[in-house]
Amino acid sequence: RYLGLKKDSLENLALGVLLSEIGKTEIPDELLIKDDELSDCEYDMLKKHVDHGVEILSTCKGINSEIISVVTTCHEKHNGSGYPRELKGDQIPLLGKIAGIVDFYDAVTCPSIDESGLSPSEAMIKLHHIRGHEFQEELVDEFIQAIGIYPTGSLVELSTGEVGVITEQNEGRRLRPKILLILDENKTPLKNHREIDMQKT
């Protein structure tokens, strides 16, 4: 939406991202939950989830070619180091590039194995460092601008000790979002939630 994509493309992007890992249903569970680093052979097997996913989705009604394209290309990297086709630069369609950034952000902030993820701000810093290499520089910059350091839906603790949920970004003041307070300074749920605009405080 921030980039001005049409509604159909936004829906295809969202569905493609949601379905991007469906091929892992064909990967052995022990490989998916393995704590140790994967061997080259195991990693090659894991990467086949993309082809499995495309195969599954190709038989489903209502799944169009743009959705399948997102699933096919969301693990490709701008510098050609991704998989399964090692595409680079403009060989990767726009929605695939966007999906790759989203997938990276989700993976580092909400890791699937039992380890702590990065905070949104740490993830943004990491993304900024690899822009121009793993991901297209301009798209990373747009992603950071659109999401902000405090993405909508994030829980934050204010200096007062109160806890709230980010409900909206303020254009031009990404560090001053709108927050819906849900816990008081003693971490007791508020009976009447109160929204504050950090830009006005």
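Reading the values: rules and limits
- Residues numbered from 1 in each chain as written.
- Predicted model: local features only at pLDDT ≥ 70, side-chain atom pairs only at ≥ 80, totals over all residues.
- Heavy atoms only, no water.
- Salt bridge = Lys/Arg side-chain N within 4 Å of Asp/Glu carboxyl O.
- Helix = DSSP H or I, 4+ residues; strand = E, 2+ residues; numbered from the N terminus.
- Buried < 20%, exposed > 50% of the residue type's maximum accessible area, 1.4 Å probe, protein only.
- Pairing = 2+ DSSP bridges.
- Axes fitted to C-alpha atoms, helices over the stretch in contact; angles between N-to-C directions.
- Phe/Tyr/Trp six-rings, centres within 6.5 Å; stacked < 30°, edge-to-face > 60°.

Further remarks concern the pattern of salt bridges. Close approach of charged atoms allows side chains with opposite charge to pair. Tallied over the full model, the rule gives eleven salt bridges. Measuring nitrogen to oxygen at the nearest pair gives 3.4 Å for the salt bridge that ties D44 to K47. Pair noted here: D44 and K47 are both in helix α3 (residues 40-47), with a separation of three residues, about one helical turn. Looking at D44, the relative accessible area reads 42%, which means it is partly exposed. Residue E137 pairs with R131 through a salt bridge whose shortest N-O separation is 3.2 Å. We classify E137 as partly exposed; its relative accessible area is 36%. Through salt bridges with shared partners, a single ionic network connects R131, E137 and D141.

Quick look at the sheet that holds strand β2 (residues 163-168) now. Strand order in this open sheet of four strands is β1-β2-β3-β4, and the pairing throughout is antiparallel. The sheet is open, and its two edges are formed by β1 (155-157) and β4 (189-197), each paired on a single side. Across the sheet, the mean angle separating the axes of adjacent strands is 30° when strand polarity is ignored. As defined by bridge partners, β2 adjoins strand β3 (residues 178-183) across five bridges and the pair is classed as antiparallel. In the strand pairing of β3, V165 is matched with L180.

On to the packing of aromatic side chains, then. Tallied over the entire structure, the rule returns three aromatic pairs. With centroids separated by 6.0 Å and ring planes inclined at 80°, the aromatic side chains of Y43 and Y83 adopt a geometry described as edge-to-face. Within this pair, whereas Y43 is found in helix α3, its partner Y83 is found in the loop between α5 (65-73) and α6 (94-109), the two being separated by 40 residues in sequence. Owing to a relative accessible area of 12%, Y83 belongs among the buried residues under this scheme.

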